[in-house]
Amino acid sequence: MGWEEMQVRGYPEFVRTAQSYHGRPIFALFCGDKDAEGRSWCPDCVTAEPIVRKELHNLPDESVFIYCLVGDRAYWKDPNNEFRRNLKLTGVPTLLKYGTPQKLVEEECFKAELVRMLFTED
Amino acid sequence: SVQAHKEEDNPQKTMEVNGLTPVPDSYDYDLIVIGGGSGGLAAAKEAAKYGKKVMVLDFVTPTPQGSSWGLGGTCVNVGCIPKKLMHQAALLGQALQDSRKFGWQFTEEVEHNWMTMTESVQNYIGSLNWGYRVALRDTKVTYENAYGEFVGPHTIKATNKKGIEKLYTAERFIIATGERPRYLGIPGDKEYCISSDDLFSLPYCPGKTLVVGASYVALECAGFLAGLGLDVTVMVRSILLRGFDQDMANKIGEYMKEHGVNFIREFVPIKVEQVEEGTPGILKVTAKSTTGGQMIEGEYNTVLLAIGRDPCTRKIGLDKVGVNINEKTGKIPVNDEEQTNVPHIYAVGDILQGKLELTPVAIQAGRLLVRRLYAGETTKCDYVNVPTTVFTPLEYGACGYSEETAVEKFGEENIEVYHSHFWPLEWTVPSRDNNKCYAKIICNIQDNERVIGFHVLGPNAGEVTQGFAAAIKCGLTKEQLDSTIGIHPVCAEV
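Residues numbered from 1 in each chain as written. Chains lettered and ligands numbered in written order. Predicted model: local features only at pLDDT ≥ 70, side-chain atom pairs only at ≥ 80, totals over all residues. Heavy atoms only, no water.

The name recorded for chain B in an unreviewed UniProt entry is Thioredoxin reductase 1, cytoplasmic, from Struthidea cinerea. The Sequence similarities (unreviewed entry) comment attached to chain B in UniProt states, word for word, "Belongs to the class-I pyridine nucleotide-disulfide oxidoreductase family." Quoted verbatim from the Function (unreviewed entry) heading of the UniProt record, the comment on chain B is "Reduces disulfideprotein thioredoxin (Trx) to its dithiol-containing form. Homodimeric flavoprotein involved in the regulation of cellular redox reactions, growth and differentiation. Contains a selenocysteine residue at the C-terminal active site that is essential for catalysis. Also has reductase activity on hydrogen peroxide (H2O2)." (UniProt positions renumbered as here; feature names shortened; annotations may be inferred.)

An unreviewed UniProt entry lists chain A under the name Thioredoxin domain-containing protein 17, with Struthidea cinerea as the source organism. As its UniProt record puts it under Subcellular location (unreviewed entry), chain A is described as follows: "Cytoplasm". Entered under Sequence similarities (unreviewed entry) in the UniProt record, the comment concerning chain A runs "Belongs to the thioredoxin family."

Now the structure itself:
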């Protein structure tokens, strides 16, 4: 089987989903919430998302791609929010390989080469 | 299968007139760096800055115990970084004990969990490995996790872990393959003993440990293992910290002995046997005296060998390209521009003959070399007055001459040694030793009492030494030192 995508919102849903796929490679893209027109409050996330999506076909078989909306701008700015505290996220967008120290943060997500490296190399 | 890479759209390189040997007029790369450690990565990243086409080959041959690691070399994976973190873990243990005297109250006895520490350390190292890969990819440096060896004057064969071979050519090469721990060559050494290559990722607590060796690696490891509460013995063949100021070395040894590290002096192991399997198991070590026929035996959970490191220069095809190495030590002699006897092949880092084996030295040498090659600079690496620190339980920072070397070079009557014990303020309240911390400077009387050696034994020795190294580089004299007002209350004011 190829790869599959799950879309979640908020920390508890993210954790539940990640745990349910335990044992498979899990990649996650964290972005700011989107408004009714589908636009995120986070301009870098707007830039990064299409670039990341274009590389998804490189994901290894059996892997899961979790697209996670973290919350509104105020929630994100809180230095104690669960994503910062528990997942050690420092910015959005963040693209990471769950359970490893491998991640790309902010402008690093704009670089297709780096996204591809994260998806395809050990 | 073997493929030769030839990039057709490479710009033409100048034809090399090299006797009758025909050479290709365009190479795959401007520069191939063999070894992705401190020196290699610094050089590669610097070369990329000048728009050069660079490849880095890095490969870790697993240890006899099966340990391996990612991109970054010894320092990041099995050297300075995990060492300092584990040293810090031990210091924190000491701080917890001291804290009671400063009023902190806790009823539980404090214990150390090896796995928690090791996982955190390995996680951090993993982020560094990843960071290097991102940095290389971002600066368009090609990185391959493959074992590189010369097969021709401008050609490298790279073999990856699946055994696939590829050939690459380059105009110039930098060898930065570093070193690996030496084994004793006695029965049971590779089967049962570990080295620093294994220690920092050991998936179980080492337990009662015998450290064989008297290098800084041996003493630092013995130091933090004891600091974490383990029963540690150090087996020393002759002196401690060969090459370092012996006065300081002995003080370090004394301190460790008084703080729970056992020393067995003037013995060498002659065999290691397994008494019981396990993680850890039980090993029996038989050792022989170096001064008589006496034999002793001891049982330990873990035997850590730290008797020296050997350069990785014997199996990289240097004979095929005529690069000279010191046959006895494996080190590569280079001129003061890090050039080997083969003009287009250079070397940096621990493998160099006669140079200090330190990460910052390798980095500096690598960067300056690349700037000379591609940016028209002329600055050479300054190997004199390089500061260093040994992170034993009582830290030792030094810059410049040891007392012995100064006496040898200048004559005893021409040097003056100023020294002092000191008692860190932070140690007073918890009643820690009041006569162990020590500082000395060695001055050249004939040269305005220029400070030519700086030695300090005490907490944060590395932090203290760094600034003095800069002062020494500027030609610090005793008078200037005396006229510098101290910061109070800190150890460095002494």
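That shown, we press on.
Attention shifts here to the overall build of chain A. Helix and strand content of chain A: five helices and five strands. For chain A, the sequential pattern of α-helices and β-strands runs β-α-β-α-β-α-α-β-β-α. Scaling as 2.2 N^0.38, a compact globule of 122 residues should have a C-alpha radius of gyration of about 14 Å, and chain A matches this with 13 Å. When the backbone C-alpha atoms are referred to their principal axes, chain A occupies close to 40 × 30 × 25 Å. Counting only contacts in chain A whose residues sit at least 6 apart along the sequence, the fraction spanning at least 24 positions is 64%. Per element, the accessible surface of chain A, about 6200 Å² overall, is 50% carbon and sulfur. Side chains of chain A carry 16 positive and 20 negative charges; the gap between the two charge centres is 3 Å. (Helix = DSSP H or I, 4+ residues; strand = E, 2+ residues; numbered from the N terminus. Rg over C-alpha atoms; globule rule 2.2 N^0.38 Å. Contact = heavy atoms within 4.5 Å. Areas by Shrake-Rupley, 256 points an atom, 1.4 Å probe, with all protein chains shown as cover. Lys, Arg positive; Asp, Glu negative; His and termini not counted. Charge placed at Lys NZ, Arg CZ, Asp CG, Glu CD.)

Moving on, we get to the packing of aromatic side chains. One pass over the structure, following the stated rule, counts 13 aromatic pairs over all chains. Ring geometry for F14(A) versus Y98(A): centroids 5.8 Å apart, planes at 80°, classification edge-to-face. Of this pair, F14(A) sits in helix α1 (residues 11–20) while Y98(A) sits in the loop between β4 (94–97) and β5 (103–105), and the two are 84 residues apart along the sequence. The class for F14(A) is buried, based on a relative accessible area of 0%. With a relative accessible area of 33%, Y98(A) lands in the partly exposed category. Taken together through their ring pairs, the aromatic side chains of Y11(A), F14(A), F30(A), Y75(A), F83(A) and Y98(A) make up a single cluster. A cation over a ring is seen here: R100(B) above F106(B), with NZ or CZ 4.1 Å from the ring centre. Sitting above the plane of the Y418(B) ring, K478(B) keeps its charged end 4.0 Å from the centroid. (Phe/Tyr/Trp six-rings, centres within 6.5 Å; stacked < 30°, edge-to-face > 60°. Buried < 20%, exposed > 50% of the residue type's maximum accessible area, 1.4 Å probe, protein only. Lys NZ or Arg CZ within 6 Å of the ring centre and 35° of its normal.)

On to the domain arrangement of chain B. Residues and elements named next belong to chain B. Per the domain assignment, the segments making up chain B are domain 1 (29–178 + 312–375), domain 2 (182–307) and domain 3 (395–483). Using C-alpha coordinates to define each centre, domain 1 is positioned 31 Å away from domain 3. Between domain 1 and domain 3, the residue contacts involve six residues of the former and six residues of the latter. With both sides pooled, the region where domain 1 packs onto domain 3 buries about 540 Å², and carbon together with sulfur makes up 54% of that total. For the pair domain 1 and domain 3, the interface holds one salt bridge. Where R432 meets D98, a salt bridge forms, and the shortest distance between an N and an O atom there is 2.9 Å. Between the two partners, domain 1 and domain 3, sit two residue pairs in polar contact (both at pLDDT 80 or more). Of the residues in the side of domain 1 that touches domain 3, the class split is two nonpolar, two polar and two charged. (Domains from an automatic or database assignment. Buried area = accessible area lost by both parts, 1.4 Å probe. Salt bridge = Lys/Arg side-chain N within 4 Å of Asp/Glu carboxyl O. Polar contact = N/O pair within 3.5 Å; in protein donor to acceptor, adjacent residues only side chain to side chain. Nonpolar A, V, L, I, M, F, W, Y, C, P; charged D, E, K, R; others polar.)

Such a bond, covalent and formed between the sulfur atoms of two cysteines, is termed a disulfide. Residues and elements named next belong to chain A. Taken as a whole and assessed by the stated rule, the structure comprises one disulfide over all chains. Paired by a disulfide, C42 and C45 hold their sulfur atoms 2.3 Å apart. Every disulfide takes its handedness from the sign of the S-S torsion; for C42 and C45 that torsion is 80°, giving right-handed. Judged by its relative accessible area of 2%, C45 falls in the buried class. (Disulfide = S-S within 2.5 Å.)

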